[in-house]
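Secondary and tertiary structure notes
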Amino acid sequence: MDIFDRVKALQEEIDQFTTQDAEALEAFRIRFLGSKNIIKPLFSEIRNVPNERKKEFGQLLNTLKQTAKEKYDSTRAGLAQTTQKGGDIPDLTLPGMPVAEGAFHPVSIIMDEVIDIFRRIGFSVAEDREVEEDWYNFTAMNTPEDHPARDMQDTFYVLNDPGRLLRTHTSSVQSRVMTTTQPPIRIIAPGRVYRNETVSARSHCQFHQVEGLYVAEGVSFADLKQTILYYAREMYGPDARIRLRPSYFPFTEPSAEVDVYWGLKDETDYRITKGTGWLEILGCGMVDPAVLENCGIDPDKYTGFAFGMGIERQAMLKYRIDDIRLFFENDRRFLSQFSAAK
Ligand code: DAH
């Protein structure tokens, strides 16, 4: 075979080469680019080529080398995209890798549940700041500076600013809303609150509350009681029973604490209900006329009720969690135990 025909045949072989197979590609590399490749000895044939075609021959060989290299590189890049380690084509029938799903935080789960329950009877969500002015958190809520009830809630003040604090309850959103809106008002205010308390299994310096407020003409204590009963039945089941005990809050008159019947089936029930079978779930009352007046609402025309509940407490009951600190440690062994999606 003419030497030019041999070069031409090799060029065609390179141009037509295609493969999906790593082994065939390696064979191609050894044949055209390896240390004993087939192109190399052709260079020593140059001396047998007539002088006037030497240049042409040399160029053909260079093209051969060049295109072999390009073909190898592009084929290998194509293979790398579709193969896994070890150079095999992936087995497309293999099952997919499971996607690790996150779980909702128990506080979010309960919070959303509480919000849903009240939304169904016409409450809308109001949110406001956590760094709050003293006036909205305390003074407007009928708890002036010298009021003994201030001691009920140990407060974190903002350094060098006695008028500013981390809100101690979401009741602050009541005064925020009432100073800007005239009745009818029907809101719930979910959010984080802070208290300067020693952290223990039972209490924490941060936790979550949902506040409720309904102000309109003719709102009565019976409305409050029925609303709370509805909530208890939605949250704790259709047979849930509640009882209201007289209590005291500066911003409500009269005030009450609500217990839900938990039962006394085992020793734990005795322990968490202190042997009574009843568990406190929230505080509530009729909005004190002084609070309405502080916020610019006419107490002769309007009445209202309000309530406030701690979310961690409800979550601890529902999931039987016995240490409030677990909510804030972000230990995945704890968090992964709650439902992934609703
Ligand atoms: N703010 C109270 C607390 O943090 C809870 C509360 C009690 C809110 C009675 C209310 C209420 O709106 O009427 O302990």
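Bear in mind that the values here come from a model prediction, so they are computed numbers and not experimental data.

**Quick notes on the overall build of the chain**
- Within the chain one finds twelve helices and ten strands.
- Radius of gyration (C-alpha) of the chain: 39 Å, far over the 20 Å computed for a compact globule of 342 residues.
- Partitioning the intrachain contacts of the chain with sequence separation of at least 6 by distance along the chain shows that 66% fall at a separation of at least 24.
- Total accessible area on the chain stands at roughly 19,400 Å², and carbon and sulfur atoms take up 50% of it.

**Thoughts on the nonpolar core**
- Within the largest apolar cluster, 44 residues are counted, with the highest numbers of intra-cluster contacts made by Val-114, Tyr-231, Leu-282 and Phe-307.
- Examining the composition of this core, we find that eight residues originate from one element, helix 5 (residues 106–119), more than from any other.
- With residues near it in sequence (within four places) discarded, Leu-282 still touches Ile-228, Tyr-231, Ala-256, Glu-257, Val-258, Phe-307, Gly-308 and Met-309.
- Ranked by size, the runner-up nonpolar core spans 20 residues in total, among them Leu-213, Val-291, Leu-292 and Tyr-302.

**Quick look at the domain arrangement of the chain**
- Domain annotation of the chain identifies domain 1 (3–85) and domain 2 (106–338).
- On a C-alpha basis, the centroid separation for the pair domain 1 and domain 2 is 80 Å.

**Section: helix 11 (residues 311–319)**
- Among the residues of helix 11, those classed as buried are Ile-311, Glu-312, Gln-314, Ala-315, Met-316 and Leu-317.
- For helix 11, the elements touching its buried residues are helix 5, strand 6 (206–216), helix 8 (221–236), strand 9 (278–287) and strand 10 (303–310).
- Taken from the residues just after helix 11, Arg-320 is the one with a positive phi, measuring 55°.

**Quick notes on the site of the ligand**
- Residues in contact with the ligand amount to 16 residues; listed here are only the nearest, His-169, Ser-171, Arg-195, Gln-209 and Glu-211.
- A distance of 3.2 Å is found between an oxygen atom of the ligand and a side-chain nitrogen or oxygen belonging to Gln-174.
- Gln-209 is positioned such that a nitrogen or oxygen atom in its side chain is 2.9 Å from an oxygen atom of the ligand.
- In the complex, 91% of the free accessible area of the ligand, which totals 360 Å², lies under the protein chains.
- Those elements that provide at least two residues to the shell around the ligand are strand 6, strand 9 and strand 10.
- By residue class, the composition of the shell around the ligand is five nonpolar, nine polar and two charged.

**Digging into a nonpolar patch on the surface**
- On the surface, a nonpolar cluster with roughly 260 Å² of combined accessible area is contributed by Tyr-261, Leu-264 and Tyr-270.
- Its place among the elements puts Tyr-270 in helix 9 (residues 267–272).
- Of the residues examined, Tyr-270 reaches a relative accessible area of 45% and is grouped as partly exposed.

**Digging into a positive patch on the surface**
- Together, Arg-202, Arg-271, Lys-274 and Arg-313 give the surface a local cluster of positive charge.
- Structurally, the position occupied by Arg-271 is in helix 9.

**Details of the sheet that holds strand 9**
- Pairing is mixed in the open sheet, where seven strands are placed in the order 1-5-6-10-9-8-7. The open sheet has two edge strands with one neighbour each: strand 1 (124–125) and strand 7 (242–249).
- As paired elements, strand 8 (residues 252–261) and strand 9 share eight bridges and run antiparallel to each other. Note on strand 9: the bridge partner recorded for Ser-255 is Gly-285.

Definitions and limits used
- Residues numbered from 1 in each chain as written.
- Predicted model: local features only at pLDDT ≥ 70, side-chain atom pairs only at ≥ 80, totals over all residues.
- Heavy atoms only, no water.
- Helix = DSSP H or I, 4+ residues; strand = E, 2+ residues; numbered from the N terminus.
- Rg over C-alpha atoms; globule rule 2.2 N^0.38 Å.
- Contact = heavy atoms within 4.5 Å.
- Areas by Shrake-Rupley, 256 points an atom, 1.4 Å probe, with all protein chains shown as cover.
- Core = buried A, V, L, I, M, F, W, Y, C linked by side-chain atoms within 4.5 Å.
- Buried < 20%, exposed > 50% of the residue type's maximum accessible area, 1.4 Å probe, protein only.
- Domains from an automatic or database assignment.
- Near = heavy atom within 4 Å.
- Polar contact = N/O pair within 3.5 Å; in protein donor to acceptor, adjacent residues only side chain to side chain.
- Nonpolar A, V, L, I, M, F, W, Y, C, P; charged D, E, K, R; others polar.
- Patch = residues over 30% accessible without salt bridge, like charges linked within 9 Å, V, L, I, M, F, W, Y side chains within 5 Å.
- Salt bridge = Lys/Arg side-chain N within 4 Å of Asp/Glu carboxyl O.
- Lys, Arg positive; Asp, Glu negative; His and termini not counted.
- Charge placed at Lys NZ, Arg CZ, Asp CG, Glu CD.
- Pairing = 2+ DSSP bridges.

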